[in-house]
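# Structural overview for review
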Amino acid sequence: MLAAVDHVQLAAPPGSEDRLRAYYTGVLGMTEIPKPPVLAARGGCWFAAGPVQLHLGIEEDFRPARKAHPGLRVDGIEAYASRLEERGAEVVWDDDLPGHRRFSSEDPVGNRLEFLERQGPQGA
């Protein structure tokens, strides 16, 4: 039986690790976590915020995910969107999901990320 999502992996082009670190730590406020040595040799970076982990793996023939994306739950979405905008990230609001406030943004290599917060009684 499935219990939880352990992590989501996105792809990135070779040599993009410094840009990824600046975005995922500086803009999103995540913490870089060490990769096991055998995996670190492949490049890329891993990040965490609480129980959420995003892994960025290097892909030689990289193309950013445009439709596919992680949906990241946020507390205080308005303030979080402001944080991203203040740090130069574009925020695109979307009101099409009933019961949620949400926006999307792109990481520095073009991967789409969705941020959402439930609205309504007890956040249901």
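The next thing to look at is the pattern of salt bridges. Oppositely charged side chains can form a pair if their charged atoms are brought close together. Enumeration over the complete set of coordinates arrives at seven salt bridges. For R101, the salt bridge goes to D95, with nearest N and O atoms at 2.9 Å. With relative accessibility at 22%, the residue R101 sits in the partly exposed group. R102 serves as the salt-bridge partner of E114, at 3.3 Å between the closest nitrogen and oxygen. Residue E114 is found in strand β8 (residues 112-118), and its partner R102 is found in strand β7 (residues 100-106); the two are separated by twelve residues along the sequence.

What follows deals with helix α1 (residues 17-27). Among the residues of α1, E17, L20, Y23, Y24 and V27 are the ones counted as buried. Taken down its axis, α1 places every buried residue within 160° of arc, on the same side. Looking at the buried residues of α1, the elements they touch are β1 (8-12), β3 (45-49), β4 (52-58), α3 (77-86), β7 and β8.

Rules used in this analysis
Residues numbered from 1 in each chain as written. Predicted model: local features only at pLDDT ≥ 70, side-chain atom pairs only at ≥ 80, totals over all residues. Heavy atoms only, no water. Salt bridge = Lys/Arg side-chain N within 4 Å of Asp/Glu carboxyl O. Buried < 20%, exposed > 50% of the residue type's maximum accessible area, 1.4 Å probe, protein only. Helix = DSSP H or I, 4+ residues; strand = E, 2+ residues; numbered from the N terminus. Arc of directions from axis to C-beta. Contact = heavy atoms within 4.5 Å.

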